[in-house]
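Chains, contacts and geometry: an overview
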Amino acid sequence: MKSIPTTALLSLLAVGSLAATTLQPDAEAQKKLTPDSVLEDLMAGNERYVEGKLSDPNVLPRVKKAVEGQFPKAYILSCVDSRVPVEQVFDQGIGDIFVGRVAGNVEGVDQLGSMEFASKVAGVKLVMVLGHEACGAVKGACDHVKMGNLTELLDEITPAVESVEGHEDRSSKNKEFVDEVIEANVRKTIADLRERSEVLAELEKDGAIKIVGGVYSLHDGKVTLLD
Ligand SMILES: [Zn+2]
């Protein structure tokens with residue numbers, strides 16, 4: 001049998017890995033994913049984003065492939081903030097991730113139901129709650145802002161505000177305080193997901209999914225995972 005030169009093999013491997021990063025997963029590729037491999041994939045994407053090395057979004061081939069169905073990797077619950085473009089932040093494209101967005105990245109029955117669908121039915125392996133630096137919703141909750149339906153939304157963040165101890169200045173003017181509330185709010189949302197969704201809690205217990213939290217820096221675009 002004719003042997004294949006190493007360089008040819010290497011270029012085949014290169015093409016293979018390029019395809020994997022530029023086209024969305026299909027059913028078979030999704031089956032091979034694990035919560036840890038998905039987290040690693042997202043964090044590697046964030047590193048590319050921070051370095052200004054985003055991959056080719058490969059939009060048209062992905063649009064065509066998307067007709068076959070969706071087999072995404074993760075569900076990311078983010079704030080609505082226009083400065084946090086979630087797909088770009090993790091260098092993901094069409095068909096890669098579900099993104100749920102609501103001011104202050106709090107759960108609510110709509111997000112919970114969406115996450116349950118994404119995890120139990122559509123097969124994602126990871127749920128990430130993503131807070132961000134200088135979150136206006138968190139600042140609003142710190143300042144007890146009241147306005148229309150926003151009042152009720154901000155009420156969901158209030159327990160996180162109250163959970164942060166100390167600080168003489170507990171207003172949005174105190175950046176250190178706001179940073180702590182942002183983190184506490186992500187942790188609170190994660191705890192709520194486990195408490196309010198039997199479906200998610202069970203999937204996590206079985207190791208089918210992982211639920212993690214992170215905070216996005218407006219300064220450099222880096223996502224820092226919370227322990
Ligand atoms: Zn925000």
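Remember, it's a predicted structure, so these values are computed and weren't measured experimentally. (Residues numbered from 1 in each chain as written. Predicted model: local features only at pLDDT ≥ 70, side-chain atom pairs only at ≥ 80, totals over all residues.)

1. Examining the overall build of the protein chain
Scanning the protein chain for helices and strands turns up 11 helices and five strands. Considered along the principal axes of its C-alpha atoms, the protein chain spans approximately 75 × 35 × 30 Å. Long-range contacts, defined here as pairs at least 24 residues apart, represent 74% of the contacts in the protein chain between residues at least 6 apart. (Helix = DSSP H or I, 4+ residues; strand = E, 2+ residues; numbered from the N terminus. Contact = placed C-beta atoms within 7 Å.)

2. Quick notes on the sheet that holds strand 5 (residues 223-225)
The mixed open sheet is built from five strands, whose spatial order is 2-1-3-4-5. Of all the strands in the sheet, the pair left with one neighbour each is strand 2 (97-101) and strand 5. Across the sheet, the mean angle separating the axes of adjacent strands is 25 degrees when strand polarity is ignored. In the sheet, strand 4 (residues 210-216) pairs with strand 5 via three bridges, with the strands oriented antiparallel. Looking at the pairing, Y216 lines up with V223 of strand 5. On top of the sheet, helix 10 (residues 175-196) reaches strand 3 (126-132) and strand 4; it is set at about 160 degrees to strand 4, its chief contact. (Pairing = 2+ DSSP bridges. Axes fitted to C-alpha atoms, helices over the stretch in contact; angles between N-to-C directions.)

3. Re the environment of F98
Note that F98 resides in strand 2. Taking the C-beta count within 10 Å as the criterion, F98 has 20 such neighbours and is therefore assigned buried. (Buried ≥ 20, exposed ≤ 12 C-beta atoms within 10 Å, placed from the backbone.)

4. Quick look at unusual backbone geometry
A negative phi holds for most residues other than glycine; trans holds for most peptide bonds. At A134, a residue that is not glycine, the phi angle is positive and equals roughly 55 degrees. Tracing the sequence through the fold places A134 in the loop between strand 3 and helix 7 (136-142). We note that H167 has phi near 70 degrees; this positive angle belongs to a residue other than glycine. On the secondary structure map, H167 appears in the loop between helix 9 (158-163) and helix 10.

5. Quick notes on the pairing of strand 1 (residues 74-78)
With five of five residues buried, strand 1 lies mostly within the body of the structure. Neither face of strand 1 is open: one carries A74, I76 and S78, the other Y75 and L77, and all of them are buried. Both strand 1 and strand 2 contribute to a ladder of five bridges, which runs parallel. By the bridge assignment, S78 is partnered in strand 2 with R101. As paired strands, strand 1 and strand 3 are joined by five bridges and run parallel to one another. For S78, the partnering residue across the bridge sits in strand 3 and is L130.

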